Amino acid sequence: MSNKLSEPLGKVAYTNARLLDPKSGLDAVGGLLTEGESIQDFGPGLFRDGVPDGVAEVNCGGKCLAPGLVDIRVQLREPGDAHQGTIASTVRAATKGGVTSFVCLPNTDPVIDDMSVVEFIARRARKLGQAKVYCYGAITKGLEGTELAEMGMLSESGALAFTDGDKVVADAQVMRQALSYAATFGLLIVQHPELESLSGGAMNRGKLATRLGLPGIPREAEIILIERDIRLVEMTGGRVHFAHVSTSDSVDVIRRAKDKGLDITCDTAPPYFALNETAVGDYRTFSKLSPPLRAEEDRLAIVAGIKDGTIDAIASDHSPQDEESKRLPFQQAAFGGVGLETLLPVSLDLYHNGDMELLDVIGRLTSVPADLLGLTAGRFEKGTPTDLILFDPDEGWKVESHDLLSKSKNSPFDGRPVQGRVIRTVIDGRSVFGADA
Amino acid sequence: MEDDALDITPYPHRHLLGIEGLPPNEISLFLDLAESYVEQNRQANKTGSLLHGRTIINLFFEDSTRTRTSFELAGKRLGSHVINMSVATSSIKKGETLIDTAMTLNAMHTDVLVVRHNQSGAVKLLSEKVNCSVINAGDGSHEHPTQALLDALTIRRRRGKLAGLTVAICGDIQHSRVARSNIYLLTTMGARVRLIGPRTLVPCTFAHLGAEIFHDMNEGLKDCDIVMMLRLQTERMHSNFFPSVREYFQYFGLDYEKLSNAKEDALIMHPGPMNRGVEIDSEVADDIGRSAIREQVEMGVAVRMACLEILTRESAKAQNSAETPNPAGAKF
């Protein structure tokens with residue numbers, strides 16, 4: 001097998017694998033055959049009579065073979081702040097984490113509010129031949145929250161959906177127009193749900209913030225914004241997706257809106273179901289995230305929300321920050337944590353803790369987010385590109401920030417023992433991480 | 001028995017970053033030692049030589065007159081070198097300089113760094129980067145341990161004890177490091193703490209710290225032994241925590257009328273500097289029979305001498321040689 005882009009690919013047989021395809025509900029031991037860049041066949045009975053001549057064999061040793069992860073919330077720092085992360089360093093981190101496709105926020109510099117930036121990023125990423133990089137377009141020009149960006153044309157040039165990244169569309173009238181206008185083209189609006197005027201703090205409001213003498217961010221900042229936007233969806237017939245929901249009430253409010261049949265979806269990120277505010281400890285700035293880590297009851301509600309499907313997808317919310325931005329007194333330190341390389345193992349907590357089936361957890365990381373953004377990735381389908389991962393769901397290891405491939409090392413999971421490791425990542429038929437890579 | 005007691009390290013920490021978590025015996029250690037310095041400070045010759053040859057640096061990232069002077073006097077009366085460094089936060093690139101400054105001073109073999117900073121947690125961050133002892137002289141809204149110790153010493157000298165007393169702390173609790181350190185110290189020593197102020201400045205989350213909350217001053221002061229007023233930071237007026245000084249004084253300013261709810265001999269305290277006519281009526285502040293405000297300042301020097309002495313004891317150092325500081329690139 002070869003991983004050189006220029007060399008032609010033959011046929012490869014992945015044998016003795018636990019096939020996990022959440023889209024079709026397949027969870028069985030079997031094989032998968034690829035030819036060139038695409039999947040040719042897969043199923044429990046495949047290669048029962050051995051691997052045909054002329055086909056290279058990859059014996060999976062009974063480990064899990066699943067579609068590559070689709071991460072719908074990643075911050076690229078190139079163009080703009082390449083010292084915190086380049087397209088190249090981000091795709092390497094993604095590939096190691098088993099993420100074969102990801103969607104980047106438009107908060108690059110320049111902002112992705114212009115077709116040329118979409119094309120620049122696509123061109124750069126394609127050359128690297130690793131994880132596939134897609135873009136969100138900005139809802140408003142310069143992410144300033146006032147004038148709508150050219151959503152139609154951005155969409156034509158490749159933007160999958162629209163968001164102002166880690167900035168909320170604060171003005172209700174602007175959000176109303178954005179939802180309305182986007183609905184004209186059937187486009188999705190992704191909101192960072194946080195009422196700005198209530199979000200001046202540094203961590204979750206409550207006992208711990210009081211003890212530490214830090215200004216709190218009340219949970220209501222998130223809930224109020226979600227409630228407002230649900231009303232605007234009702235009013236406009238638009239489609240909204242809430243990023244990284246973090247409170248129990250957010251889950252309740254979204255559950256009720258979904259029950260009413262509104263076109264509303266949401267995701268959360270591993271910190272919100274695997275950590276709570278106590279991770280801040282004594283001013284640990286790696287645990288300073290936006291939204292802030294919440295109380296234990298919120299964490300439990302997020303787990304329940306993923307389990308019952310109120311929370312559709314899991315995204316890494318990968319937010320690189322350099323050391324200088326984090327080596328500061330807590331209130332002055334930057335928000336955000338890297339997550340591409342811990343997305344799978346931390347999400348597998350949901351399986352190991354007995355909350356969800358393995359296949360369901362993988363679904364929230366693959367086909368569900370892909371479907372939300374209209375990508376055909378995240379599933380096994382004959383004739384489609386071979387983006388897959390081989391992983392051991394049980395292998396234990398410890399997250400060490402200095403081992404991360406991500407250029408910025410600010411992981412909120414630094415030092416945490418986790419279970420589940422990617423053994424091999426295959427993109428367009430080529431092994432780009434693990435054996436042969 | 002007494003020899004045994006000397007063998008163990010009574011204060012097994014390298015720094016004094018806060019009161020939270022200190023057990024009663026460690027708090028008493030500071031208070032008892034400070035007591036002996038009160039007398040020394042009243043002599044004509046106030047200077048000893050216990051810390052002869054030691055270097056203490058007052059590193060103040062935030063303006064201060066009394067705390068800095070108090071530490072300076074404390075250091076000099078123990079015979080050490082004291083250097084004052086004031087770093088105006090506005091003129092430096094945030095934070096970067098905090099760690100760089102710490103490393104620089106560390107390289108100069110300082111014995112004790114006394115640090116004030118306007119950010120909660122900043123003193124702890126700095127303490128992780130140095131080999132010397134660090135005393136928190138106030139970090140943001142977090143803690144101000146020496147203020148709580150001097151308040152406790154003042155109360156103990158006037159009342160003979162801390163346990164069983166009811167102490168009301170009034171004013172801007174939300175943003176006050178003095179309030180937090182006092183809540184921890186007083187509750188640890190068995191006193192009851194009441195917090196009094198409008199809901200905007202005394203949020204309900206403080207109940208978690210073990211204090212009782214009142215929004216009506218007359219009710220809150222009822223039968224209190226001690227009334228501790230905090231300075232109202234009038235620069236916060238623009239954030240709508242309260243509508244005007246006039247209205248604030250009417251409901252939460254300390255005057256004789258409101259004070260009449262407290263015990264007849266209730267002691268009045270204030271960490272200073274006072275805004276007369278804002279949080280405290282001048283008449284009350286100057287009432288020699290009841291106000292302990294000047295005594296607090298006197299106790300400040302004694303308490304800080306005790307802190308400096310305890311943190312520079314060799315035994316404390318030996319005990320904690322294992323607690324090496326994080327190098328610059330370590331986890332944070």
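Here's a quick rundown of the structure. Quick caveat: nothing in here was measured; it's all calculated off a predicted structure.

What follows covers the overall build of chain B. On a plain count of helices and strands, chain B comes out with 13 helices and 9 strands. Classification of the 332 residues of chain B by burial places 57% in the buried group. Considering only intrachain contacts with a sequence separation of at least 6, the fraction spanning at least 24 residues in chain B is 74%. Total accessible area on chain B stands at roughly 14000 Å², and carbon and sulfur atoms take up 49% of it.

Next up on the list: unusual backbone geometry. Backbone torsion omega between Glu78 of chain A and Pro79 of chain A reads 0°, so that peptide bond is classified as cis. Structurally, the position occupied by Pro79 of chain A is in the loop between strand S6 (69-74) and helix H1 (87-96). Phi angles above zero are rare outside glycine, and Phe47 of chain A is one such case at about 65°. Phi is positive for Asp223 of chain B, which is not a glycine, with a value near 60°.

To continue, consider the packing of helix H2 (residues 24-42) of chain B against helix H12 (residues 293-312) of chain B. For any two helices packed against each other, one specifies the inter-axial angle together with the distance between the axes. All names here are of chain B. At a minimum axis distance of 7 Å, the contact between H2 and H12 shows a crossing angle of 120°. It follows from the interaxial angle that H2 and H12 lie oblique. Crossing hand, H2 versus H12: right-handed. Touching Leu29, Phe30, Leu33, Ala34, Tyr37, Val38, Gln40, Asn41 and Arg42 of H2 are Glu298, Met299, Val301, Ala302, Val303, Met305, Ala306, Cys307, Glu309 and Ile310, all from H12. A per-class count over the contact of H2 with H12 returns 14 nonpolar, 2 polar and 3 charged.

This paragraph deals with the interface of chain B and chain A. Taken together, the 26 residues of chain B in the interface contact 24 residues of chain A. A combined buried area of about 2100 Å² lies between chain B and chain A, and 60% of that area is made up of carbon and sulfur atoms. With its nearest N and O atoms 2.6 Å apart, the salt bridge here joins Arg211 of chain A to Glu20 of chain B. Along the contact surface separating chain B from chain A lie 5 residue pairs in polar contact (both at pLDDT 80 or more). When contributions to the side of chain B that touches chain A are tallied by element, the ones reaching two or more residues are helix H4 (96-107), helix H5 (122-127) and helix H7 (177-188) of chain B. Here the side of chain B that touches chain A is composed, by residue class, of 10 nonpolar, 9 polar and 7 charged.

In an α-helix, one turn spans 3.6 residues; hence positions three or four apart end up facing the same way. All names here are of chain A. A rise of 1.5 Å per residue sets the reference length of helix H2 (residues 115-128), with its 14 residues, at 20 Å; its end C-alpha atoms lie 21 Å apart and thus fit the reference within 8%. Those residues of H2 lying buried are Val117, Val118, Ile121 and Ala125. The arc that holds every buried residue of H2, seen down its axis, measures 105°, which confines them to one face. Opposite the buried face of H2, by more than 90 degrees, sit the exposed residues Arg126 and Lys127. As for H2, its buried residues are in contact with H1, strand S7 (99-104), strand S8 (132-135) and helix H3 (151-156). A positive backbone phi angle near 60° is found at Gly129, which sits one or two residues after H2.

All right, on to the sheet that holds strand S4 (residues 133-139) of chain B then. Residues and elements named next belong to chain B. Across the sheet, which stays open at both edges, the 4 strands sit in the order S2-S1-S3-S4 with parallel pairing between neighbours. In this open sheet, the two edge strands, each paired with only one partner strand, are strand S2 (81-86) and S4. Each adjacent strand pair in this sheet contributes to an overall mean axis angle of 15°, direction not counted. As paired elements, strand S3 (residues 112-117) and S4 share 5 bridges and run parallel to each other. Along S4, the bridge assignment pairs Val112 with Ser133.

Our focus in this paragraph is the packing of aromatic side chains. Per the stated rule, a full pass over the model turns up 5 aromatic pairs over all chains. Summarising the aromatic geometry, the rings of Tyr181 of chain A and Phe185 of chain A are spaced 5.3 Å apart at their centres and angled 70° between planes, so their arrangement reads as edge-to-face. With a centroid separation of 5.2 Å and an interplanar angle of 50°, the aromatic rings of Phe242 of chain B and Tyr248 of chain B are classed as tilted. Each member of the pair Phe242 of chain B and Tyr248 of chain B is classed as buried. Among the aromatic residues, those joined into a ring-pair cluster are Phe242, Tyr248 and Phe252 of chain B. Directly above the aromatic system of Phe335 of chain A lies the positively charged group of Lys288 of chain A, at a separation of 4.5 Å from the ring centroid. Here Lys258 of chain B stacks its cationic end above the ring of Phe249 of chain B, 5.7 Å away from the centre of that ring.

Summarising the element assignment, Tyr134 of chain A is placed in strand S8. Setting aside chain neighbours within four positions, we find Tyr134 of chain A in contact with Ser101, Phe102, Val103, Cys104, Leu160 and Leu375 of chain A.

Turning our eyes to something else, we now look at the pairing of strand S14 (residues 264-268) of chain A. When a strand is regular, its side chains alternate between the sheet's two faces. Residues and elements named next belong to chain A. Extensive coverage of S14 is indicated by the burial of 5 of its 5 residues. Neither face of S14 is left uncovered, since the one carrying Ile264, Cys266 and Thr268 and the one carrying Thr265 and Asp267 both have all their residues buried. Inspection of the sheet shows strand S13 (residues 240-242) paired to S14 by 3 bridges, in the parallel sense. Residue pairing across strands places His241 opposite Thr265, the latter belonging to S14. As for the winding sense of the linkage, the β-α-β connection from S13 through helix H7 (residues 248-259) to S14 is right-handed. Alignment of S14 against strand S15 (residues 313-314), held across 2 bridges, turns out to be parallel. The partner of Asp267 across the bridge, within S15, is Ala313.

So, how was this worked out
Residues numbered from 1 in each chain as written. Chains lettered and ligands numbered in written order. Predicted model: local features only at pLDDT ≥ 70, side-chain atom pairs only at ≥ 80, totals over all residues. Heavy atoms only, no water. Helix = DSSP H or I, 4+ residues; strand = E, 2+ residues; numbered from the N terminus. Buried < 20%, exposed > 50% of the residue type's maximum accessible area, 1.4 Å probe, protein only. Contact = heavy atoms within 4.5 Å. Areas by Shrake-Rupley, 256 points an atom, 1.4 Å probe, with all protein chains shown as cover. Axes fitted to C-alpha atoms, helices over the stretch in contact; angles between N-to-C directions. Parallel < 35°, antiparallel > 145°, perpendicular 65-115°, else oblique. Left-handed = near helix turned anticlockwise from the far one by under 90°. Nonpolar A, V, L, I, M, F, W, Y, C, P; charged D, E, K, R; others polar. Buried area = accessible area lost by both parts, 1.4 Å probe. Salt bridge = Lys/Arg side-chain N within 4 Å of Asp/Glu carboxyl O. Polar contact = N/O pair within 3.5 Å; in protein donor to acceptor, adjacent residues only side chain to side chain. Expected span 1.5 Å × (residues − 1). Arc of directions from axis to C-beta. Pairing = 2+ DSSP bridges. Phe/Tyr/Trp six-rings, centres within 6.5 Å; stacked < 30°, edge-to-face > 60°. Lys NZ or Arg CZ within 6 Å of the ring centre and 35° of its normal. Right-handed = clockwise from strand over helix to strand, strands pointing away.

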